[in-house]
Amino acid sequence: MTNSTNTHPFHTVLVANRGEIACRVIRTLHAMGIRSVAVYSDADADARHVREADVAVRIGPATAAESYLKIEAIIRACKDTGAQAVHPGYGFLSENVDFARALEAAGIAFIGPGVESLEVMGDKIRSKNHVAGYGVPVVPGIAEPGLTDEDLIGAAPAVGYPLLIKPSAGGGGKGMHVVERPEDLPATLATARRVAASAFGDDTLFLERLVMAPRHIEVQVLADTHGNVIHLGERECSLQRRHQKVIEEAPSPLLESLADGAATRARIGEAACQAARSVHYTGAGTVEFLVSDNAPDEFYFMEMNTRLQVEHPVTEMVTGVDLVEWQVRIAAGEVLTVAQDDVVLNGHAAEARVYAEVPERNFLPSSGEVVLLDERGRTFTALADLDSFTPASADPHIRIDSSLQPGLEISSDYDPMLSKVIAWGPDRKAALDKLDTALERYVVLGVGTNVEYLRLLINDDDVRAGRLDTTLIDRKMPDLTFRSIGDTELIAAALPFWVTDEPPAGVTSPWNTGRGWRLGTPAPWRMSFGLPGGAMATVAITWLSDLDLGHALVRVNNGPEHKVLVLALSSESVDLEVDGQEHTFALGSYWEDHPREGRPQQVFVGNGGWSGGLDVLTRESRLARVLAAMEREEGVADPEVRSPMPGTVVSVSVHNGETVEAGQVLLSVEAMKMEHQLVAEVAGTVNVSVKTGDLVKADQVLATIHAEPAAGTSKPLIQDPTNERKEA
């Protein structure tokens with residue numbers, strides 16, 4: 001569906017955001033012929049949105065409070081560049097009423113709703129009470145301003161258990177806590193207030209009854225300044241982890257499965273429009289509802305997001321409407337020319353969010369440099385594309401909204417979402433199949449991602465059958481099996497070094513080559529790698545023929561011998577045959593120093609949506625690992641509690657000299673807007689070396705446990721922090 005006018009409402013628009021959403025907004029501005037202005041912090045000086053914009057302005061240091069959340073800096077950038085309007089994206093200042101007021105005072109248009117909408121819908125307590133007065137159904141609970149912990153504890157029995165603690169400010173499902181028993185409520189309220197205050201600057205909380213087997217269904221609305229309000233169908237966002245959406249799709253498979261699905265869609269759509277009308281809403285917004293899987297004709301208002309949603313692309317793909325374009329046109333005062341009857345849902349679309357995180361380690365955020373980027377998977381479609389009129393890597397039904405570029409440093413300063421992969425199909429099965437194919441080909445090496453986990457999720461039997469609810473991921477997660485580095489991956493990592501291991505310049509004698517040539521049986525060529533968790537592996541390659549470099553026998557450690565044939569090799573991939581089975585791997589390397597000299601310090605391999613990193617060991621680093629392993633076994637070294645990545649200490653739960661038990665929480669570190677609780681691996685006396693508010697580096701020792709003499713041997717607890725994602 002195309003928009004009817006080609007006028008240019010603004011000549012310059014500033015995008016007050018970063019990452020993939022900034023790139024996505026800039027793309028539409030370019031298509032509209034509008035000059036785009038990017039803003040950036042010191043951490044984002046080389047970011048993709050900076051490169052893609054027509055103009056870029058520095059607004060401060062890496063800390064969001066001193067850059068992307070600094071209203072004066074954004075307005076100054078507007079004045080310096082002549083920007084007539086600001087698109088806030090999502091997160092940061094997108095729902096900040098003070099920002100909207102400041103722009104209005106400066107004579108700059110806010111590409112979003114008015115102050116009334118932001119004020120009412122920005123307060124979850126007020127918004128719930130407000131829409132209830134307009135006939136919009138709401139979840140039973142207690143939602144009043146200024147409730148103390150004592151008030152909430154006293155009201156909880158009437159609300160009923162299990163219940164949900166929700167922050168009044170913020171959104172996106174962040175800061176919510178489920179409480180199943182009355183005795184857990186006081187401690188959980190304390191945590192919820194701390195998280196809400198840190199993430200949103202407001203620790204106001206309220207309670208709602210927890211709807212069992214809930215489905216999260218939201219409705220996209222568009223409204224102009226001339227009184228026109230329409231909805232563009234619903235999105236199913238039930239696949240969530242800790243209230244954070246992971247997979248989104250449109251339309252909802254629940255509504256599609258109902259005999260009267262069209263009628264239910266009309267009812268929930270009208271409820272969303274009524275919520276928008278109640279606050280004289282303008283622009284694009286999303287009204288979120290809870291729908292019980294047991295009673296799909298009943299739905300309850302949760303909140304209204306007064307901004308563009310992360311998952312808006314699935315709506316765009318099934319309606320053909322560019323939501324960003326209409327945001328801009330409505331902000332310029334244009335009439336919405338799309339009527340409700342014009343909205344037709346064509347086919348099915350599904351979106352997967354790609355995060356820098358390690359699911360098998362309790363979704364610990366990851367960081368690092370992007371050493372290889374191939375989001376369209378050309379590495380794995382190159383041969384097929386040679387004979388294809390339309391390359392598979394250019395599939396128009398696969399959309400990728402991304403902030404990534406080669407060499408980008410992924411840090412802990414901001415939210416860990418890297419990109420979104422969206423796929424369209426004529427029906428739900430086709431869309432999920434297409435999404436799985438896109439994720440299978442998706443390659444980003446150098447930083448851990450959740451792509452393998454996304455593939456496991458969308459291929460789950462219940463997901464495929466449309467049996468969704470917001471607790472499904474939590475139930476399924478313990479049974480998911482993640483791939484680990486094995487012989488084939490190690491062989492793929494070592495072979496490029498073996499093939500390219502040339503003798504020093506001027507050496508012509510086979511005795512002096514690096515491939516183990518000698519009279520009789522060749523000596524193996526060896527390379528050692530450090531594996532995640534401290535283990536090591538040595539790959540020994542024996543050259544089979546001086547006439548064909550590609551044939552070899554390979555052994556990993558003391559394992560079985562593999563017959564290997566190198567089929568093709570480039571700087572970014574290797575095709576090989578291992579014991580008769582063909583494999584293609586994407587390859588990447590990381591050097592700590594520049595200019596690059598000698599072997600890299602790390603190598604990365606990946607395929608099928610999975611990737612893994614290996615340390616390239618020298619004799620010295622290999623010896624250090626051996627000694628460290630011996631010390632751990634003998635109990636010589638005191639257990640050390642290290643920060644999983646750069647971040648800020650937000651709480652310390654123990655004092656120096658205190659006796660702690662194995663598994664006891666010692667302190668919490670916030671990184672990538674997630675709080676990580678770090679625990680004691682063994683019982684003993686603790687010495688804490690940091691305090692609340694300290695900035696810490698990755699792998700920095702934060703506490704040391706002087707272990708008590710063990711009565712017996714036991715396996716140490718894995719340092720898997722719990723986490724709570726916070727609002728961007």
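For the structure, check the block above.
Note that the structure is a prediction, hence the values are computed from the model and not measured. Residue numbers here run from 1 along each chain, matching the order of that chain's written sequence. Reporting in this predicted model follows two pLDDT cut-offs: at least 70 for local features of residues, and 80 or more for side-chain atom pairs to be given and counted; totals over whole chains, interfaces and linings ignore these cut-offs and use all residues. Side-chain metrics rest on all non-hydrogen atoms present in the structure, leaving aside hydrogens and water.

(A) Looking closely at the sheet that holds strand 4 (residues 85–87). By definition, two strands form a pair when at least two bridges between them are found by DSSP. Counting from the N terminus, the helices are DSSP H or I runs at least four residues long and the strands are E runs at least two residues long. Spatially, 5 strands are ordered 3-2-1-4-5 in an open sheet, and the strand pairing comes out parallel. In this open sheet, the two edge strands, each paired with only one partner strand, are strand 3 (55–60) and strand 5 (109–110). In the sheet, strand 4 pairs with strand 5 via 2 bridges, with the strands oriented parallel. Each residue of the ladder has a partner; that of A85, found in strand 5, is A109. Here a residue-residue contact requires only that any non-hydrogen atoms of the pair lie within 4.5 Å. For helices, the fitted axis covers only the stretch in contact; all axes are lines through C-alpha atoms, and the angles between them, taken along N-to-C directions, range from 0 to 180 degrees. This element, helix 1 (residues 19–31), spans strand 1 (12–15), strand 2 (35–41) and strand 4 of the sheet and lies at about 170° to strand 1. Taken strand by strand, helix 3 (residues 71–81) contacts strand 1, strand 2, strand 3 and strand 4, and its axis lies near 150° from that of strand 3.

(B) Layout of unusual backbone geometry. The omega torsion across Y161 and P162 is -5°, close enough to zero to call that bond cis. Topologically, P162 is positioned in the loop between helix 7 (149–159) and strand 7 (163–167). In this chain, A250 is followed by P251 through a cis amide linkage whose omega measures -5°. You will see that N362, though not glycine, has its phi angle at about 60°, which is positive. With respect to the helices and strands, N362 occurs in the loop between strand 16 (357–358) and strand 17 (364–365). Positive phi values are uncommon outside glycine, yet N557 reaches one of about 50°. In this structure N557 comes out as partly exposed when scored by relative accessible area, which is 40%. Exposure is judged per residue with a 1.4 Å probe applied to protein chains only, and the accessible area is read against the type maximum: over 50% gives exposed, under 20% gives buried, and values in between give partly exposed.

(C) View of the pairing of strand 39 (residues 701–707). Here 3 bridges tie strand 32 (residues 640–642) to strand 39, and the two strands are oriented antiparallel to one another. Bridging from a neighbouring strand, V641 pairs with A703 of strand 39.

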